[in-house]
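Structure at a glance
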Amino acid sequence: MKQHPFTFSISVPDETLSEYDNHIVRRLSAMVGQYQDAQAFTAMLSQDPVLYEVYEIKRPESEGELMNGISIVHPGKVGEEYFMTKGHFHTVLDTAEVYYCLKGEGMMVMETPEGEWSIEELHPGCVLYVPPRWAHRSVNTGQLVNLVTFFIYPGNAGHDYGTIEQQGFRKLVVERDGRVQVIDNPRWHPKER
Ligand code: F6R
Ligand code: ZN
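Computed from a predicted model, the values in this text were never measured in an experiment.

1. So, empty space enclosed by the protein
One water molecule sets the probe size; rolling that probe over the atoms shows where empty space is left. Within this structure, the stated rule accounts for 1 cavity of 30 Å³ or more. Looking at the largest cavity, its volume works out to about 50 Å³. Lining the largest cavity are Phe-89, His-90, Leu-93, Thr-95, Ala-96, Glu-97, Val-130, Pro-131, Arg-133, Trp-134, Ala-135 and His-136. For the lining of the largest cavity, the secondary structure elements donating two or more residues are β8 (89–90) and β13 (135–140). The residue inventory of the lining of the largest cavity, partitioned by class, reads 7 nonpolar, 3 polar and 2 charged.

2. Observations concerning the coordination of the zinc ion (ligand 2)
At this site the zinc ion (ligand 2) is bound by His-88 (NE2), His-90 (NE2), Glu-97 (OE) and His-136 (NE2), with donor distances of 2.0 to 2.3 Å. For the zinc ion (ligand 2), the 6 donor atoms in the first shell make angles of 74 to 173° at the metal, so the coordination geometry reads as octahedral.

3. Comments concerning the sheet that holds strand β12 (residues 127–130)
Read across the open sheet, the 6 strands follow the order β3-β4-β5-β14-β9-β12; overall the sheet is antiparallel. The open sheet has two edge strands with one neighbour each: β3 (22–27) and β12. On average, each strand axis in the sheet is inclined to that of its neighbour by 20°, with strand direction left out of account. Pairing of strand β5 (residues 66–73) with strand β14 (residues 147–154) involves 8 bridges; the strand directions are antiparallel. Looking at β14, one finds that Gly-69 is bridged to Phe-151.

4. Digging into the sheet that holds β13
Sheet architecture is open: 3 strands sit in the order β11-β10-β13, paired in antiparallel fashion. Of all the strands in the sheet, just β11 (117–122) and β13 have a single pairing partner and so form its edges. Ignoring strand direction, the axes of neighbouring strands in this sheet form an average angle of 20°. With 6 bridges connecting them, strand β10 (residues 106–111) and β11 associate as antiparallel partners. The residue of β11 that forms the bridge with Met-110 is Ser-118.

5. Here's the deal with the side chain of His-74
Structurally, the position occupied by His-74 is in the loop between β5 and β6 (77–78). You can call His-74 buried: its relative accessible area is 17%. In this structure His-74 touches Val-50, Leu-51, Tyr-52, Glu-53, Phe-83, Asn-140 and Asn-146, once residues within four positions along its chain are discounted.

6. As for the environment of Cys-126
In this structure, Cys-126 sits in the loop between β11 and β12. Sequence separation between Cys-126 and Glu-97 is 29 residues, and the spatial gap between their C-alpha atoms is 14 Å. Apart from residues no more than four positions distant in its own chain, Cys-126 is found in contact with Tyr-99, Tyr-100, Cys-101 and Glu-121.

7. Observations concerning the layout of surface pockets
Size it by volume and the largest pocket reaches roughly 400 Å³. Together, 25 residues line the largest pocket, and Glu-56, His-88, Tyr-153, His-159 and Tyr-161 are the ones closest to its centre. Those elements that place two or more of their residues in the lining of the largest pocket are β3, β4 (50–57), β5, β9 (97–103), β13 and β14. A breakdown of the residues in the lining of the largest pocket according to their chemical character gives 9 nonpolar, 9 polar and 7 charged.

8. Regarding the pattern of salt bridges
One pass over the full model with this rule turns up 8 salt bridges. A salt bridge links Lys-103 to Glu-15; the shortest N-O distance between them is 2.8 Å. Of this pair, Lys-103 sits in strand β9 while Glu-15 sits in the loop between β1 (10–11) and β2 (16–17); the two residues are 88 residues apart in sequence, bridging distant segments of the chain. Comparing Lys-103 with Glu-15 shows no difference in burial state: the two are buried.

Definitions and limits used
The written sequence of each chain sets the order in which its residues are numbered from 1. To label them, take the chains in the order written and letter them from A, then take the ligands in the order written and number them from 1. With pLDDT at 70 or above as the cut-off, local features in this predicted model cover only qualifying residues; side-chain atom pairs require 80 or more to be listed or tallied, and sums for whole chains, interfaces and linings still use all residues. Remark: hydrogens and water are excluded; side-chain values derive from all non-hydrogen atoms of the structure. The rule is simple: put a 1 Å grid over the protein atoms alone, call a set of points where a 1.4 Å probe fits but cannot get out a cavity, call an open set with protein on both sides within 12 Å along at least five of seven lines a pocket, and count a residue as lining if it has an atom within 4 Å of a point. Grid points are joined across faces, edges and corners, and a volume is the space filled by probe spheres set on the points. Under the DSSP-based scheme used, a helix requires at least four consecutive residues in state H or I and a strand at least two consecutive residues in state E, with every element numbered from the N terminus. Just so you know the grouping, Ala, Val, Leu, Ile, Met, Phe, Trp, Tyr, Cys and Pro go in nonpolar, Asp, Glu, Lys and Arg go in charged, and all remaining residues, Gly too, go in polar. In this analysis a donor is any N, O or S atom within 2.8 Å of a metal ion (3.2 Å for sodium, potassium and calcium), and since water is not included, sites may seem incomplete. Metal sites are grouped by the angles between bound donors: all angles between 85 and 135 degrees with four donors is tetrahedral, opposite donors over 155 degrees apart with the others between 65 and 115 is square planar for four donors and octahedral for six, and any other pattern is irregular. Paired strands, as defined in this entry, are two strands with at least two bridges between them according to DSSP. Lines fitted to C-alpha atoms define the axes, with helix axes restricted to the stretch in contact, and inter-axis angles between N-to-C directions lie between 0 and 180 degrees. Each residue is assigned to one of three classes by its accessible area relative to the maximum for its type, calculated with a 1.4 Å probe on protein chains only: buried under 20%, partly exposed between the two thresholds, exposed over 50%. Contact criterion: two residues are considered in contact whenever any of their non-hydrogen atoms come within 4.5 Å of each other. Just to be clear on terms, a salt bridge is a Lys or Arg side-chain nitrogen sitting within 4 Å of an Asp or Glu carboxyl oxygen.

Here is the structure:
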């Protein structure tokens, strides 16, 4: 692990980093239970398309460090729902994240443990600040182009996928009547406390 300043470059046309430590590839089969249309999901499983990829520069998982890399969500839909990331809370809830959109069109779906929600559009040049406590999922609403974002977040943040896996996000991003629409997730209910 480098302990000296270093540079790397991002090629937007090639959608890659000049150097990286991990290349994560997530296919449809990693998203069991996350899409509403179970029939469409099952029908697509035989091909098991790649939904998204992450190239990351790994840093020690400690306070003071910053993890960074690019996230690439492919275009496509399962039923009426667009391809999207799993989405997560940071395990250390009080850690933020910044996304910088490099290519494509999409949305970031966000919510807090208390059920507050927010959706922000992503387009090239747009910077999104995700404050501490907000779970986040990127959704590619484009027809043909990958949604490519640069991300940066604290080294000690960690990822809690389990909470979102239970019932998904409060809002879903779907295509209806040829338009991008945000609808309520029928599976989502306020948590008992
Ligand atoms: C890191 C972060 C992004 C995502 C990436 C893939 O905290 O938010 O790097 O990890 O967009 O999404 P997930 O991790 O939800 O599978
Ligand atoms: Zn994150």
